[in-house]
Amino acid sequence: MNNIVWHPHAVTKQRRSDAKGQRPLVIWFTGLSGAGKSTLAGALEEALAGLGKHTYLLDGDNVRHGLCGDLGFDEGARRENIRRVGEVAKLMVDAGLIVLTAFISPYREERDLVRNLLGEGEFVEVFVDAPLSVCEERDPKGLYKKARAGEIMNFTGIDAAYEAPLNPEVHLHNDGAPVPALVEALLGALRQRGLID
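No experiment lies behind these values; they were computed from the predicted model shown.

## Focus on the sheet that holds strand 1 (residues 25–30)
Part 1: Within the open sheet, the five strands sit side by side as 2-3-1-4-5. Their pairing is parallel. Looking at which strands have only one partner, the edges of the open sheet turn out to be strand 2 (55–59) and strand 5 (170–173). Going across the sheet, the axis of each strand differs from the next one's by a mean of 15°, ignoring polarity.
Part 2: As defined by bridge partners, strand 4 (residues 123–129) adjoins strand 5 across four bridges and the pair is classed as parallel. Directly across from Val 126, in strand 5, lies its bridge partner Val 170.
Part 3: Contacts from helix 8 (residues 179–192) reach strand 1, strand 4 and strand 5 within the one sheet, and its direction differs from that of strand 5 by about 170°.

And the structure:
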């Protein structure tokens, strides 16, 4: 690393953001599998696109097809998965985008690592809070059933811990609330913080 030097460029994050007419940031959805992170992130992205915002959604399963395709699911690999996603999100923020992510990201330390990569006010943690019983009932990918049968090890909420955020910017209770109402709550929270107009 001694021979690597950061090369500054003439076109800055501010200039790219100004050209898009928006404030770049990362909206980080965290919660148990089946809590509704991907659904809500997708619905919020659609709403933001409708407002003329420039966005990109990084979804947990999708990045496992390429960027993180070489990683397993043990604790170290999961941390590396989040580190890589955080670095990509940081680059996208530098490009002036509003980045949405949907990852279980079970450990506070991992989420704080990503927060610390970004500037003040550029990381919005959204805790999609659904009871384990509700997530198991939904079980859209059949993962809880497999975890309960011992076919999947280190599954968050079953035999691996989930550390809920202590002070998320947005705390959504998703045990049956309509998606449009939750998206409105998200948009309201972003407006209240002056992150979108």
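We are not done yet, so read on.
## Details of the nonpolar core
Part 1: Judged by nonpolar contacts, the single largest core of 32 residues is most densely connected at Ile 27, Phe 29, Leu 44, Leu 48, Val 126 and Leu 190.
Part 2: Among the secondary structure elements, those contributing two or more residues to this core are strand 1, helix 2 (37–50), strand 3 (98–102), strand 4, helix 7 (143–148), strand 5 and helix 8.
Part 3: It is helix 8 that contributes the most residues to this core, six residues altogether.
Part 4: If near-sequence neighbours (up to four positions away) are discounted, Leu 190 is found in contact with Leu 25, Ile 27, Leu 44, Val 124, Leu 195 and Ile 196.
Part 5: Core analysis: the next-biggest nonpolar cluster, separate from the first, contains 18 residues, Trp 28, Cys 68, Val 114 and Leu 118 among them.

## A word on the packing of helix 2 against helix 8
Part 1: Closest axis-to-axis distance for the helix 2/helix 8 pair is 10 Å, and the angle between their directions is 60°. In terms of orientation, helix 2 and helix 8 fall into the oblique class. Where helix 2 crosses over helix 8, the handedness of that crossing is right-handed. Between helix 2, through Thr 39, Leu 40, Ala 43, Leu 44, Ala 47 and Leu 48, and helix 8, the contact on the second element is made entirely by Val 179, Leu 182, Val 183, Leu 186, Leu 187 and Leu 190.
Part 2: Partitioning the contact of helix 2 with helix 8 into residue classes produces 11 nonpolar, one polar and no charged.

## Remarks on the UniProt feature "binding site: ATP" (unreviewed entry) in the chain
Part 1: Under the UniProt annotation, "binding site: ATP" (unreviewed entry) lies at Gly 31, Leu 32, Ser 33, Gly 34, Ala 35, Gly 36, Lys 37 and Ser 38.
Part 2: The topology assignment puts Ser 33 in the loop between strand 1 and helix 2.
Part 3: Beyond its immediate stretch of four places on either side in the chain, Ser 33 contacts Ile 104, Cys 135, Leu 143, Tyr 144 and Phe 155.
Part 4: Relative to the elements of secondary structure, Ser 38 occurs in helix 2.
Part 5: On the basis of relative accessible area, Ser 38 is assigned to the partly exposed category, the value being 37%.
Part 6: Setting aside its immediate chain neighbours within four residues, Ser 38 contacts Asp 59 and Ala 102.

## Here we look at the side chain of Arg 84
Part 1: With respect to the secondary-structure elements, Arg 84 resides in helix 4 (residues 75–94).
Part 2: With a relative accessible area of 17%, Arg 84 lands in the buried category.
Part 3: A polar contact is formed between the side chain of Arg 84 and the side chain of Glu 80, at a distance of 2.9 Å.
Part 4: In this structure, Arg 84 is in contact with Leu 67, Cys 68, Asp 70 and Leu 71, ignoring residues within four places of it in sequence.

Rules and cut-offs
- Residues numbered from 1 in each chain as written.
- Predicted model: local features only at pLDDT ≥ 70, side-chain atom pairs only at ≥ 80, totals over all residues.
- Heavy atoms only, no water.
- Pairing = 2+ DSSP bridges.
- Helix = DSSP H or I, 4+ residues; strand = E, 2+ residues; numbered from the N terminus.
- Axes fitted to C-alpha atoms, helices over the stretch in contact; angles between N-to-C directions.
- Contact = heavy atoms within 4.5 Å.
- Core = buried A, V, L, I, M, F, W, Y, C linked by side-chain atoms within 4.5 Å.
- Buried < 20%, exposed > 50% of the residue type's maximum accessible area, 1.4 Å probe, protein only.
- Parallel < 35°, antiparallel > 145°, perpendicular 65-115°, else oblique.
- Left-handed = near helix turned anticlockwise from the far one by under 90°.
- Nonpolar A, V, L, I, M, F, W, Y, C, P; charged D, E, K, R; others polar.
- UniProt positions renumbered as here; feature names shortened; annotations may be inferred.
- Polar contact = N/O pair within 3.5 Å; in protein donor to acceptor, adjacent residues only side chain to side chain.

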